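# A closer look at the structure
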Amino acid sequence: MSGGSRAHLRRHAAPMAAFLLVYAVLTAFVENSYYQLIMTVVPVWAVMGLAWNLLSGYSGLVSFGHAAFFGLGAYFVALTQIHWGLPPWFSIPLAGVLGALAGLLVGIPTFRLRGHYFALAMLAYPLALLYVFEWLGYQELALPMRRDAPLRYMQFDDHRLYAWLALGLMGGAMMLTGLVERARFGMSLLAIKQDEAAAEAAGIDTLAWKLKAITLSGAMAATIGGFYAVVLLIVTPPAVFGMLVSAQALIVAMFGGVGTLWGPVIGAVVLVPLSELLHAKLGNFIPGIQGVVYGIAIVAVILVAPEGVFWKVRDLSLRRRAPRALPDSVAPVRAEAEPSTRHSVHDRVPIFEVGNAPVFEVRNVSKAFGGLRAVQDVSLTVTRGEILGIIGPNGAGKTTLFNLLNGFIRPDQGQILLEGHSIVGSKPYRICAAGVGRTFQVVRPFRRMSVLDNALVGAYVHAASHRQARAAAQAALAQVGLSREMHLAAGGLSNKQLRLLELARALAGRPKVLLLDETLAGLSARDIEEVTSVVRRLAAQGVTIVIIEHTMPAMVRLVHRFVVLDHGAVLAQGQPAEITRNPAVVDAYLGRRWRAEHA
Amino acid sequence: MAQFVESFLQALTAGLLTGAVYGLMCVGLSLIFGVMRVINFAQGDFMMLGMYVAFYAFGLLGGHLAFGAAMAPYLAALIAGPVIFLSGIAVHRLLISRVTGIRGSALESEGHYAQLILTLGIALVLQNGGLYAFGSAPVSIATPLSSSAWELGPLAGDSVSVFVNRGQTVAAAIALAAVLAFVALMSRSRLGKSLRAAADNPEAAIYMGIDVDRAHRLAFGFGVAITAIGGGLLASSYPFQPYVGLEYVIVMYAGVVLGGLGSVAGAFLGGLIIGLVQQLSTLFLPNQLQNTAIFVVFLAIVLLRPQGLFGTAARRT
Amino acid sequence: MLEVEGLCAGYGDLPVLDRVSLRVGAGELVAVVGPNGAGKTTLFKAISGIVPAQAGAVRFEGDDLLAVAPSARPHLGIAHVPEGRQVFPSLTVLENLEMGAYTAAGRRAWNDSLERIYAWFPVLAQRATAPAGALSGGQQQMLAIARGLASAPRLLMLDEPSMGLSPVTADEIFERIVAIHAQAAVTVLLVEQRVAEALHYADRGYVLEAGRAVLEGTRDQLAADDRIRQAYLGM
């Protein structure tokens with residue numbers, strides 16, 4: 001695993017070790033076998049929650065079907081012991097392999113779906129399996145008792161051993177989650193959760209990461225399912241494939257907090273004993289009482305802390321400890337750090353070598369959505385090292401053009417060449433890897449993640465290791481002047497800083513061309529100067545820039561050349577001076593009336 | 001051959017009759033999803049409540065022979081509607097409105113998790129509360145109609161005849177009538193139109209002066225009430241217990257997704273198809289695999305046509 | 001009629017509007033212009049209550065609008081025609097208009113307003129039973145405006161009615177707006193990126209930049225101001 005995630009794991013290691021140790025010691029003092037069972041099932045459901053969290057918590061694709069993996073694991077362990085006498089020490093890891101395989105098989109077709117459709121499709125897998133197993137005659141499988149070799153078959157007289165084993169599995173699942181969390185893996189999943197399209201544009205092969213996540217998640221769920229079979233000794237389809245198994249996984253995770261390795265653990269530690277004890281104490285007098293109280297507890301926590309206990313507590317404690325992130329005004333760009341910023345703001349930076357080599361060549365490209373011809377027969381060339389401004393009224397097709405350039409959509413007609421090679425039909429993440437970075441109109445940072453981690457997401461595309469990616473992200477932040485804010489939570493940044501952060505995220509992938517979509521929108525005149533000076537500096541360092549913008553005064557001083565779009569077609573192209581005098585452009589922007597009155 | 005034709009027609013009839021009731025149940029769920037964009041896991045448990053309301057209402061009505069022993073179960077099912085409507089309104093006002101609607105949209109992207117787990121919590125409370133209140137023994141509503149049938153035929157030269165269960169036929173007819181009444185409400189009344197407007201575009205609905213919170217509450221109330229009536233109708237031909245909702249929430253979601261999330265007519269057809277698949281599968285598969293057949297068809301359709309059989313490609317996510 | 005004073009508003013912890021003040025007198029046509037992202041749409045949404053106000057006051061005919069629930073504001077006589085049209089796609093054209101007339105005033109005036117709406121936008125009469133989603137962009141814009149008018153409003157707020165429309169269609173829409181303003185005696189607050197058209201027809205105008213109202217004046221004052229030209233063409 002990569003260096004960064006190991007460092008991250010070290011931060012978690014102390015509380016994790018402390019927690020596991022306390023739990024293990026507590027277990028040692030439990031003598032009642034029923035309580036020993038509770039001490040065992042808490043980590044079992046924690047692992048199930050962690051498995052669910054690994055896929056759904058980080059990637060945002062909610063699965064209602066994790067019972068499929070859990071049940072397969074349980075039945076695999078039971079059946080292999082019954083028929084072949086395979087000891088659980090072997091069959092549980094093998095169940096994990098089976099779960100991984102099942103995850104992959106489920107993921108390949110199901111990841112074509114998004115949102116609610118994905119969630120509901122996942123629901124179908126365990127339920128279909130439930131009936132199949134009933135039909136196969138496995139209504140109730142009992143694991144044979146092996147008095148001859150109890151240890152070999154995990155049939156301990158001392159039930160605390162089960163709890164310790166379960167604890168070990170939980171420790172493993174937490175470590176795995178910790179390793180994934182801050183590595184390229186977890187970052188990619190988070191990026192997918194935030195905005196799948198933007199993640200593709202940042203060079204992330206979203207399908208591959210989602211498949212890896214469901215494979216690992218399925219392996220974890222099947223492993224713990226197999227262990228559960230050994231603990232309970234009896235496997236029935238409703239107990240392992242039922243709705244409640246899937247629900248339990250997501251309940252412990254959501255209750256504790258989604259997208260953190262502590263969430264499912266907190267959820268299991270609180271909820272599982274609660275429900276078990278209620279069942280034991282009151283279940284005989286008031287049937288269903290544990291379910292009612294359990295349900296009420298869930299409802300109450302969701303109303304108070306809709307994002308889960310972990311985040312609520314963390315947000316509260318952060319608010320108490322840290323006064324607030326630095327306000328905008330006390331975080332100026334330090335002149336000595338970026339010597340070129342200050343004095344070159346108003347004069348044009350020497351052009352890096354605007355050669356004749358075309359980076360992008362767009363030839364007769366058209367794209368229609370239904371009846372709307374969004375882009376019509378557009379041809380243009382972007383030359384290396386230049387800053388090209390794309391302007392035009394709202395709805396003129398500017399963003400559609402960007403979507404064509406970075407592969408979000410395929411043109412109906414025409415050719416798009418990147419450095420001479422056609423990119424029509426390539427996936428966005430490949431086009432990103434080929435050197436096209438992009439920002440979006442709507443800035444959507446990961447608000448709880450640090451500025452550095454936000455930039456890191458964009459850095460993986462050209463980095464061989466986490467260390468390299470981190471270096472690239474840091475360099476990108478320095479380029480845009482956000483080094484000082486590196487460790488702040490992105491949620492505390494000002495509007496301008498968010499724009500710079502997005503720029504940094506795109507830069508971290510070392511693009512040859514940067515497509516900037518309304519990077520200056522909504523900024524004050526002072527902020528605009530600062531952001532444009534950064535853009536100019538990037539161009540001076542050799543990054544070709546294509547920028548969509550409405551803020552004309554800034555654009556006129558920023559760009560080398562304009563392409564004016566109107567109604568999907570190129571209305572005019574040329575130097576800023578000619579464009580602002582072009583009657584057709586004046587019409588499109590200010591309207592004919594303006595010219596009539598001011599001519 | 002005649003044997004097969006007969007079983008086929010028999011299964012087809014049974015499928016259409018149960019399918020019509022499933023269709024009604026799906027319409028209720030689809031209304032909630034369409035207007036609120038919430039996956040309501042408690043839908044099956046409101047249906048269960050509806051079944052018990054019908055059960056107790058039948059107990060009260062059964063004594064008064066003026067109603068006729070034959071029709072009392074259906075009247076009881078209809079009574080479940082308003083009762084569950086009121087409980088739905090209450091649950092929405094007290095709980096669900098706190099994490100959905102305009103307030104919900106202010107939350108971060110994790111907001112939809114909150115709705116989901118909230119309905120799961122409500123489902124747990126209802127199921128287990130039901131266990132306490134109603135006991136775990138399965139009950140059913142006995143009606144002379146459910147054990148009598150009309151014989152169609154003999155058809156095709158004496159060899160084929162189909163038996164049509166009278167109880168199920170009445171239930172299907174009531175379900176169909178309820179769906180038509182609901183469709184009329186949605187397409188004709190100002191209330192129905194305002195619900196559709198809130199479903200289409202909640203923000204614009206507010207600009208029209210439509211109270212979207214109230215629209216959500218009404219949609220939730222109507223949605224669970226409609227499903228409860230469906231449950232009440234089903235109660236006279238199938239025994240049930242407090243956990244019955246779990247089985248049907250899946251059937252309902254399969255139907256709703258088949259029809260295209262959020263489309264009322266689609267949901268009815270989706271439910272009908274689920275009923276047909278369930279019954280027709282018995283011709284080729286062992287009985288236990290009825291539900292597996294549903295899920296396989298469901299998965300196949302979701303994967304091939306995620307917008308649903310009758311939905312259009314455009315969808316809000 | 002409408003007074004906005006020192007209004008700050010935005011999403012979460014990101015303020016978009018910074019102490020914006022503006023006034024619209026009864027019968028006026030007031031234009032708000034400014035570059036994309038300046039906060040024009042947010043201003044409208046804050047007036048309608050979709051975006052929460054963090055500070056400041058909004059008064060409509062003397063009443064404190066911020067104390068009124070968002071969905072109750074249209075009932076006071078304000079119609080907001082949102083950016084990007086936002087018609088109800090699955091409802092028919094006529095049903096969209098009926099939803100516009102959801103307010104009590106709208107229902108009272110229904111017959112009259114429908115007649116006038118069909119006179120201003122004959123195409124809507126022709127397509128009354130078509131689902132709104134099947135209309136062209138220009139027709140949808142007409143429907144959106146007509147839907148606003150169906151509530152028989154005293155204040156009509158139009159957010160970028162020309163967005164995404166061809167110049168010919170945009171001109172057509174503008175002419176209707178001017179005609180409606182004159183004939184229906186409705187006060188109009190207009191956000192527009194076609195500055196010249198907007199300012200030509202407006203009685204007064206405001207220029208919004210980066211969430212602040214940086215310039216205000218009558219049509220003639222603004223038309224003579226070079227900053228407008230600069231703001232839009234950078235000359």
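Residues numbered from 1 in each chain as written. Chains lettered and ligands numbered in written order. Predicted model: local features only at pLDDT ≥ 70, side-chain atom pairs only at ≥ 80, totals over all residues.

### Some thoughts on the overall build of chain B
Per the secondary structure count, chain B includes 12 helices and 2 strands. In chain B, the succession of α and β elements from N to C terminus is α-α-α-α-α-β-β-α-α-α-α-α-α-α. For chain B, buried positions account for 60% of its 317 residues. Taking the contacts inside chain B whose residues are at least 6 apart along the sequence as the reference set, 76% of them involve residues at least 24 apart. (Helix = DSSP H or I, 4+ residues; strand = E, 2+ residues; numbered from the N terminus. Buried ≥ 20, exposed ≤ 12 C-beta atoms within 10 Å, placed from the backbone. Contact = placed C-beta atoms within 7 Å.)

### Thoughts on the sheet that holds strand S3 (residues 358-369) of chain A
All names here are of chain A. With antiparallel pairing, the 4 strands of this open sheet are ordered in space as S4-S3-S6-S7. Only two strands of the sheet have a single partner each, and these edge strands are strand S4 (372-383) and strand S7 (421-422). Strand direction decides the pairing type here: S3 and S4, joined by 8 bridges, are antiparallel. Paired with phenylalanine 360 across the two strands is valine 382, which belongs to S4. Helix H16 (residues 398-405) contacts S3, S4 and strand S6 (413-418) of the sheet and is inclined by roughly 65° relative to S4. (Pairing = 2+ DSSP bridges. Axes fitted to C-alpha atoms, helices over the stretch in contact; angles between N-to-C directions.)

### Observations concerning the interface of chain B and chain C
Listed per partner, the contact involves 15 residues of chain B and 20 residues of chain C. Taken together, the elements giving at least two residues each to the side of chain B that touches chain C come down to helix H7 (190-200) and helix H8 (202-207) of chain B. A total of 5 residues in the side of chain B that touches chain C trace back to one element, the largest contributor, which is H7 of chain B. Among the residues making up the side of chain B that touches chain C, the classes are represented as 7 nonpolar, 3 polar and 5 charged. (Nonpolar A, V, L, I, M, F, W, Y, C, P; charged D, E, K, R; others polar.)

### Quick notes on the interface of chain B and chain A
Counting from both sides, the interface comprises 40 residues of chain B and, opposite them, 38 residues of chain A. Looking at the side of chain B that touches chain A, the elements with two or more residues in it are helix H5 (111-134), helix H10 (244-259) and helix H12 (290-304) of chain B. Sort the elements by how many residues they give to the side of chain B that touches chain A and H5 of chain B lands first, with 15 residues. Its residues assigned to classes, the side of chain B that touches chain A shows 28 nonpolar, 10 polar and 2 charged.

### Some words on H7 of chain B
With 8 of 11 residues buried, H7 of chain B is to be regarded as a mostly interior element. When we look at burial in H7 of chain B, the residues that qualify are Lys193, Ser194, Leu195, Arg196, Ala197, Ala198, Ala199 and Asp200 of chain B. On the buried face of H7 of chain B, the contacting elements are helix H1 (2-36), helix H6 (166-188), H8 and helix H9 (212-234) of chain B together with helix H2 (93-100) of chain C.

### A look at the pairing of strand S11 (residues 561-566) of chain A
All names here are of chain A. For S11, the buried fraction is high: 5 of the 6 residues fall into the buried class. Of the strand pairs in this sheet, strand S5 (residues 387-391) and S11 are connected by 4 bridges, and their pairing is parallel. Looking across to S11, one finds that isoleucine 390 is bridged to valine 563. Pairing analysis gives 5 bridges linking S11 to strand S12 (residues 569-574), with the strands arranged antiparallel. Within S12, the position partnered with aspartate 566 by the bridge is alanine 569. A loop of 2 residues connects S11 with S12, the two strands running antiparallel in sequence, and histidine 567 in this loop sits at a positive phi of about 50°.

### Considering the sheet that holds strand S9 (residues 513-517) of chain A
The strands making up a sheet are joined through hydrogen bonds of the backbone, oriented either antiparallel or parallel. Residues and elements named next belong to chain A. In spatial order, the strands read S8-S9-S10-S5-S11-S12; together these 6 strands make up an open sheet with mixed pairing. The open sheet terminates on both sides in strands that have one partner only, identified here as strand S8 (436-438) and S12. Here the average twist between neighbouring strands, direction ignored, is 20°. Examined bridge by bridge, S9 and strand S10 (residues 544-548) share 5 bridges and lie parallel to one another.

### Notes on the confidence of the model for chain A
Residue and element names in this part refer to chain A. A residue-level look at chain A finds 89% of positions with pLDDT of 70 or above and a mean pLDDT of 84. No element of chain A has a lower mean pLDDT than helix H15 (residues 339-343), at 37, and none a higher one than helix H3 (residues 67-84), at 96. Long-range and interchain partners of residues 322-352, a stretch whose pLDDT sits below 50, account for 34 contacts in this model, where long-range means more than four residues apart. (pLDDT = per-residue confidence, 0-100.)

### Structural notes on the environment of glycine 171 of chain A
Secondary-structure assignment places glycine 171 of chain A in helix H6 (residues 160-181). Spatially, the C-alpha atom of glycine 171 of chain A lies 35 Å from that of leucine 477 of chain A, the residues being 306 residues apart in sequence.

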